[in-house]
Amino acid sequence: MKAELNQRLTQVGPGTPGGRLLRRYWQPVALLDEFDPAIDPAMAVRPVKPVRLLGQNFVLFKDAQGRFGLLDRDCPHRGADLAYGRNEGDGLRCPFHGWKFDVDGRCLETPAEPEGSTLCTRVRQQSYPLQERSGVLFAWLGEGEPPALPALDCFEAPSTHTFAFKGLWHCNWLQSFEVGIDPAHASYLHRFFNDASLDDAYGKQFRGASAGEVAGERWPMTRVMREFGRPEISHEARPWGLQLTALRQLNEELTHVRVTNAVFPQTFVIPLSETMTITQMHVPVDDTHNYWYAFFTSFDAPVDKDAMRQPRLKAVTLPFFTPKMGRHNHWGFNPQEQVERTYLGMGEDDINVHDQWACESMGAIQDRTREHLGTSDKVIMAHRRLLLQAIDAVEQGGIAPGIADPARHAEIHGPDTIDGFAPTGDWQTWWQTAVRERRERAPWTAEAKALADAAAALGAK
């Protein structure tokens, strides 16, 4: 790849081609948990957070009525940093000269001005629309009327069946996202030499998760990934982006099927277990940092949020969710572990560290002029083509694709994922039947509600 093309793909700031595209999509800006005093005691005193998103600086605050406001961080008076403002319940006041703004950016007071001054009525701080879904605040940084968020499962499920978390990585968003749409890496980067108990997999991907049964024996995902390292990878266009399929043929009778999705431009949807999925968004802070936001969606029992949250909180430092592992401590690399227990040598409990190393070790912005792609990278290449086509389309005044296009929203739902063993000759029918039945059993889906209504109607007769 030429250097100028790599730059076009990775820059996110205002006015850049990539930045203009990404501003056509709602972007996660904070977890609601970040404003919970039980998690961050500082929020009980002053619910104000500095935010950097797509290369811009903002301040996010919560007023006494529970309303959130996202404003440009530089005070419109003389540019002082509003992230240090006084939260006075009805608005945020700049400590420099006392100018005060509400959550909509309206100027409420300019106390240093003479009595009778109308300056305040002529000043407004830039504010940005916000909406909350599944425990996450989303911001609209683009121009014009924003589209609705699509009917992805992570947004449709009730709060009882979702949990969201995030973490900061020190690298460009694109290389982080590309790990999530790479079906081959799990057989190596996340390889464990021994399998964990299948009864201890809550909230853990691969480690201890079951993929189903082979000849009456439950197989963990770790065994599948370890023993079958050459998946047959394919992808198909979908209204939301790409549907990915990785097949690992175990024998003549059984094939392991893993179906995941790339929701354009920066989200992937993957299975965590037989009853839970992860929808993960990689959100650019700027060109050299990104947050991952992960939504865990249960198709079975309600999510135990505390059980999901506590181990993840132990891995980060608040208030910015900075991982405790990183380049500064070699991501916890243990050469003895690499010899005896894992392929990478960076821990057995949190495979997120594995992905973090792969992304951050490439450098702040991967130099794609030096890479050599293979057949197993076909999804990476397909997504880059889509990204470049979308950047070009928006630059020429066109509509951004996928979930940014309201005309496609009726076609966008789910998307479905699977990990499991299928009859080798009929794996497509198997996985489609499996996801349909899972969706019908889920207590919150439209399919489940329709079945319940039908049963009630029959009972009434």
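Look up: the structure comes first, before these words.
Residues numbered from 1 in each chain as written. Predicted model: local features only at pLDDT ≥ 70, side-chain atom pairs only at ≥ 80, totals over all residues. Heavy atoms only, no water.

Draft legend 1. The environment of Gln7, seen in detail. Relative to the assigned elements, Gln7 resides in helix α1 (residues 3-10). Under the relative-accessibility criterion, Gln7 is labelled partly exposed at 45%. Separated by 10 residues in the primary sequence, Gln7 and Pro17 have C-alpha atoms spaced 9.7 Å apart. (Helix = DSSP H or I, 4+ residues; strand = E, 2+ residues; numbered from the N terminus. Buried < 20%, exposed > 50% of the residue type's maximum accessible area, 1.4 Å probe, protein only.)

Draft legend 2. Structural view of unusual backbone geometry. Between Leu318 and Pro319 the backbone carries a cis peptide bond, its omega angle lying at 10°. One can find Pro319 in the loop between β21 (316-317) and β22 (322-323). In this structure, the amide linkage connecting Gly414 to the following residue, Pro415, adopts the cis form with an omega of -15°. Tracing the chain through its elements places Pro415 in the loop between β23 (413-414) and β24 (418-423). Despite not being glycine, Leu54 shows a phi value in the positive range, around 50°. Position of Leu54 relative to the elements: it lies in the loop between β2 (48-53) and β3 (56-62). The class of Leu54 is buried, set by a relative accessible area of 0%. The phi torsion at Phe321 lies on the positive side, around 55°, for a residue other than glycine.

Draft legend 3. Quick peek at the sheet that holds strand β1 (residues 27-31). The sheet built from three strands is open, its strands ordered β1-β10-β9 with antiparallel pairing. Strands with a single pairing partner mark the edges of an open sheet, and in this sheet they are β1 and β9 (130-133). On average, each strand axis in the sheet is tilted by 35° relative to the strand beside it, whichever way the strands run. The pairing of β1 with strand β10 (residues 136-139) spans four bridges and is classified as antiparallel. Paired with Gln27 across the strands is Ala139, a residue of β10. (Pairing = 2+ DSSP bridges. Axes fitted to C-alpha atoms, helices over the stretch in contact; angles between N-to-C directions.)

Draft legend 4. How the structure looks around the packing of aromatic side chains. Inspection of every chain in the model, using the stated rule, returns 16 aromatic pairs. Centroid distance Phe58 to Tyr128: 5.1 Å. Interplanar angle 85°. Geometry classified as edge-to-face. Separated by 70 residues along the polypeptide, Phe58 in strand β3 and Tyr128 in the loop between β8 (107-109) and β9 bring together distant segments of the chain. Like Tyr128, Phe58 is buried. Between Phe165 and Phe321 the ring centres are 5.4 Å apart and the planes differ by 70°, which places this aromatic pair in the edge-to-face class. In this pair, Phe165 is assigned in strand β12 (residues 162-169) and Phe321 in the loop between β21 and β22, connecting sequence segments 156 residues apart. Note on Phe165: relative accessible area 2%, which makes it buried. (Phe/Tyr/Trp six-rings, centres within 6.5 Å; stacked < 30°, edge-to-face > 60°.)

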